[in-house]
Amino acid sequence: MAQAPRGMPRLRFLAVPSGAREIPGPSMSKERLHWVGLSASVVLFALALAVLRHALRDEHYHDVLRTLRALPRDHAVLAFLLTLFGYGAMTGYDGLAFRYIGRPLRYGRIALASFIGYAFSNNLGHSILTGSSVRFRLYTEAGLSAIEIARVIAFCVLTLWLGILTTGGVIFLLEPIAIPGLLHLPMSSTRILGAVFLALILAYLAASALRRAPLRVRGWEMALPGPGLSLAQIAISSLDWTLAGAVLYLLLPPQPGFTFPALLAVYLFAQLAGLLSQIPGGLGVFETIVVLLLSPHYPSSTVLGSLVAYRAIYYLLPLGMAAALLGGYEALRRRATARAAVRLIGDWAPRIIPNILAVTTFFAGAILLFSGATPAVPSRLTWLRDFLPLPILELSHFLGSLAGVGLLLLAQGIQRRLDAAYVLTASLLGAGIVFSLLKGVDFEEAITLAILLGALLPCRRHFHRKASLTQERFTPRWIVAIALVLLSSVWLGFFSFQHVDYSRDLWWRFEISADAPRFLRATVGAVAAALLLALSRLLRPAPTEPSLPGPEEIGKARSVAARSPGTTVNLALLGDKALLFNDAGTAFIMYGVQGRAWVAMGNPVGPPEEWLELAWRFRELSDRHDGWAVFYEVGREGLPLYLDLGLTLLKLGEEARVPLEKFSLEGGERKKMRHLHRKFETEGYRFEIVPPEDVPALIPELSRISDSWLDEKNTREKGFSLGFFDPVYLARFPMALVRHNDRIVAFANLWGSGGREELSPDLMRYTLGAPPSVMEFLLVELMLWGRSQGYRWFSLGMAPL
C-alpha cells in the first residue's frame, strides 16, 4: 500500500501440545518415538528396581525403619533448612533469567513463581521445565509474552545443566568414584567424565565471551549471555547442587573416612543418571545408583532409609508446602485481612491450583498403595485386636489399596477440572483416612491424607466441568506415571516380605499379624482394578468421526457469530470446518482434522465464560480420537486458557488493525494515500457496497473474475483460515465492489462484527486488466466507509512471524 495507516497490531499465537514446534501432521513417527521413549523409561525403572532388590537381598524392611527412627532430629531440621536454602538458590535461576531477557519483575513474585515451579519439576522430572505449562501459567499473568517466558525457561534449563557440569567436573576429577560392573558402563571411573564436563564449561565460557551471533540448535535460536551473567549462572547453580548433596550427607549416619566430597560425587553421578532416564524425579534410578555406590561404606538398608528421608525432606515437603500455600489462599481469599498476604499469588493461583491438586491426589494414591504394601506396626495391631473384628481390618486394608488406585486414576480428572473427579477424590481421601486408622492405626498416614483433603475442599469452585469421567482418555505420561507407582508398590511389598515363605496357602491366611497375605490380596485387587479399567477403555466403541455442519448448524453458528466482537468468526460459515457447540448452543469451536492434528480456528466463539468448558471438550474429543489438539491464530485474551490445557504457545505473527474513529486522508502522513485515492476517482473508478440479498445476481461475473485471478496467480483456493469462492457463502455478506465504466474490476466480501466493533475484508479478487494498486484503493474506501458506518476497527489481516 502507498502508506499503511498507523494502527494497533494484535499478536496471534499457535497453541500446540507441549514440546511441539509445529502443527502435528499425519506422520506417526514422532508419536511412536514418544511412546518408545516412555516405554524405555518404564523398562529402565523396572531394571533399576530389579538391581536394587538384588542389592538389598540380605536386608530387611525393619532395618530401613530403624535407620529412619535413628535419624537425629537436629540433622533432620538442618537438612530441611538446607533444603529451603537450596530452593532459595533455585530462585536465582529465574532472577538471572529476567536479567538476561531485560525484563524487570519484583523478586517476591519471581520467588513465589520459582518455588511453585521447582516444587513441581523436582517431583515430576526436570524435563517439565521444557514442556510443562505450569511455568507459563506462573509468568503469563505478570505480563510476559510467550516468547519471553520461553526464553526464561530455556535459560533456567541451561543454568541447571551448567551447575551439574561444573560441580560434577570438579568433583569427579578430585574424588573419582569406581563404577560397579553391575551397571555395565563403558568406563571404570568418573574421572573421564570430569574432564569432559569441565571442557564443556570452558567452551561455554569462551563462547559467551567471544561469540556474538545467536546459538542455533535444531531450529531453536538463543543468544548467549555475557561473561558476567555466565559466571553467575555457574555460581548459583553449583551452589544449588552442592546444597542438595549436603542434604543427603546430613541424613546419612557419620562414617569415619567418608567425606562430603566423596558423597557429592556419588550424588551427582546418581542425579545425572536420573535426569537422563527421564523418569519423574529420577525415582528408582537415583536410589539404585546411590545404594550401589555407597555399598562399600554403608549397609544397603541404611542408605535406603536415608534416601527415604531425603525424598521426604527435599522433594515431598516443598511440594506439600506449595499445595498448602495455595489451599490456604483459597480458604482465606474472601477475608479482607488476608488480601494483602495473598495479593502476589492472587492473579495466577486459580490457574495452577488444579494442577497442584492433581499432583497431591496422585501422591495420596501412592501413599495408600505403599502403605498397603508394608507391614503394620505390631504394637498398634495388638491394640486393635482387643476391639476391632478381624474382617473389618482385612476389608479396610483391601479397600485402602483400591482407594489408592482410584486416586491415581482420578488425578487426571482433577487436572481437567471435572466436578465428578472432585467429589470422588474428596470421598476417597475421606475413606482413605478411615481405612488408614482401621487397618493399623496409621495416624501419620491419616494426618497426611487429612492435610491433602483440607487443601482440596476449599477449591470446589475450580471444578465446574460436567464432562463424563468414563470418557476421559489417559495420556501416555499419565499411563506411565500410574505404571511406575504400581511397579513401586509391588517392589516395596516383595522387599518388605522377602523373607516370608511364599506358598499357595498364604493367600488364604487371615490373622491379625498376617501382613504378607494382606499385601498379596491388596496388590492383586489394585492391579486388577487398573487392568479392568484399561480393558474397558480398549473395548469401548470407537468415537464418532466429526462431520461437516449442515444448514441448521451453520444457521446456529451465524447467530452466535453475529454477537461476537471479532470478524474471523465468520469463517464458521464457510462450511469446511466441523462445529463443536456448548450445551446451550451459545458458543462453539470451529475445527478441522488433518492426520492426527485437530486444529481449532481461533478462540472459541461466544461468551468468554463458555470458553474454558468448550476448549476442554475439544481437547478431550481429540484425545478420544488419539489426536493432538491445536489452536490456530489465537489472541492474547485466550492465552491463559490454552496454558490451562497444557499447551505450548508459539508466536505466529501480528494482525494489523486500524482505529477508524479518527481515520482520515488528511495530513502529511497520508499524502501518498490521498494522491492514490484521488487518482482513481479522477480516472472514473467507483466504490460500491452491495447488500447480501443482491449478491447472488453478481455471482456469475464475480466467478469469472475469481477464476482468472486464480489462473494468473497459479494457485488454488485455500480455505480453513481464509474464505474461498462459494456462492452460498458469499451471499451471506455484503460485497464491496470497484467499478470502472460500470464493469466490476475488483471485489471483496465484508465481515462485520457484533456491535460494529470490527470490519474486515475476506475474499479479495481483481481482474487482470485492473491497475496494480486497485486493491489499495478498495481498502482505503472500505476504511472510510467503515468509519461512516460507526465501526471502531478495521483489520488488515495478519503478517506472519
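This is a predicted model, so every value here is computed, not measured.

Chemist: Help me understand the packing of aromatic side chains in this model?
Modeler: Centre-to-centre distance and the angle between the planes together describe a pair of aromatic rings. Counted under the stated rule, the structure contains 27 aromatic pairs. Between the aromatic rings of Tyr 310 and Tyr 314, the centroid separation amounts to 5.4 Å while the plane-to-plane angle is 5°, which identifies the pairing as stacked. Separated by 4 residues within a single helix, Tyr 310 and Tyr 314 lie in helix 12 (residues 300–332), roughly one turn from each other. Ring plane angle 10° and centroid distance 5.4 Å describe the contact between Trp 491 and Phe 495, whose orientation is recorded as stacked. Here Trp 491 pairs with Phe 495, and both are found in helix 19 (residues 476–496), just 4 residues apart, close to one helical turn. According to the relative accessible area criterion, Trp 491 is buried, its value standing at 14%. One aromatic cluster is present, built from ring pairs that chain together Tyr 87, Tyr 267, Phe 286, Tyr 310, Tyr 314 and Tyr 315.

Chemist: It is not clear to me how a nonpolar patch on the surface should be interpreted in this structure. Could you clarify?
Modeler: Side chains of Val 77, Leu 78, Leu 81, Leu 84, Phe 85 and Met 321 sit close together on the surface and give an oily, nonpolar patch of about 520 Å² of accessible area. Top contributing element to the nonpolar patch by residue count: helix 3 (residues 73–101), with 5 residues. Relative to the helices and strands, Val 77 is located in helix 3. Classification of Val 77 by relative accessible area gives partly exposed; the value is 46%.

Chemist: Help me out: how do you make sense of the packing of helix 8 (residues 191–210) against helix 9 (residues 227–251) in this one?
Modeler: For the pair helix 8 and helix 9, the least separation of the axes is 8 Å and the interaxial angle reads 150°. Classed by the angle they form, the pair helix 8 and helix 9 counts as roughly antiparallel. For the pair helix 8 and helix 9, contact is made by Ile 201, Tyr 204, Leu 205, Ser 208 and Ala 209 and by Pro 227, Ser 230, Leu 231, Gln 233 and Ile 234, respectively. By residue class, the composition of the contact of helix 8 with helix 9 is 7 nonpolar, 3 polar and no charged.

Chemist: For this particular structure, what's the right way to read the environment of Gln 278?
Modeler: With respect to the helices, strands and loops of the structure, Gln 278 is situated in the loop between helix 10 (260–277) and helix 11 (285–294). Gln 278 sits in the partly exposed class, given a relative accessible area of 45%. Along the primary structure Gln 278 and Val 42 are separated by 236 residues, whereas in three dimensions their C-alpha atoms are 9.7 Å apart.

Criteria and cut-off values
- Sequence order as written defines residue numbering, which begins from 1 separately in each chain.
- It should be noted that, the model being predicted, local features are given only for residues of pLDDT at least 70 and side-chain atom pairs only at 80 or more, the latter also being counted only at that level, while totals for whole chains, interfaces and linings use all residues.
- To get the side-chain values, all heavy atoms of the structure are used, and hydrogens and water are removed first.
- By convention, a stacked pair of Phe, Tyr or Trp rings (six-membered ring in the case of Trp) has centres within 6.5 Å and planes under 30 degrees apart, an edge-to-face pair has planes over 60 apart, and any other such pair is tilted.
- Labels follow the DSSP assignment, with helices taken as runs of H or I lasting at least four residues and strands as runs of E lasting at least two, numbered in each case from the N terminus.
- When a residue's accessible area, from a 1.4 Å probe over protein chains only, is under 20% of the maximum for its type it is buried; when over 50% it is exposed; and in between it is partly exposed.
- A residue counts toward a patch only above 30% relative accessible area and without a salt bridge, and it is joined to like-charged neighbours within 9 Å or, for Val, Leu, Ile, Met, Phe, Trp and Tyr, to nonpolar neighbours within 5 Å.
- Note on areas: Shrake-Rupley with a 1.4 Å probe; residue coverage comes only from the protein chains shown.
- The term salt bridge refers to a pairing of a side-chain nitrogen on Lys or Arg with a carboxyl oxygen on Asp or Glu at a separation within 4 Å.
- Note on geometry: axes are C-alpha line fits, over the in-contact stretch for helices, and angles between N-to-C directions span 0 to 180 degrees.
- Just so you know how the angles are binned, under 35 degrees is roughly parallel, over 145 roughly antiparallel, 65 to 115 roughly perpendicular, and the rest oblique.
- Contacts are assigned to residue pairs that have any heavy atoms within 4.5 Å of one another.
- Each residue is assigned to one class: nonpolar for Ala, Val, Leu, Ile, Met, Phe, Trp, Tyr, Cys and Pro, charged for Asp, Glu, Lys and Arg, and polar for all the others, Gly among them.

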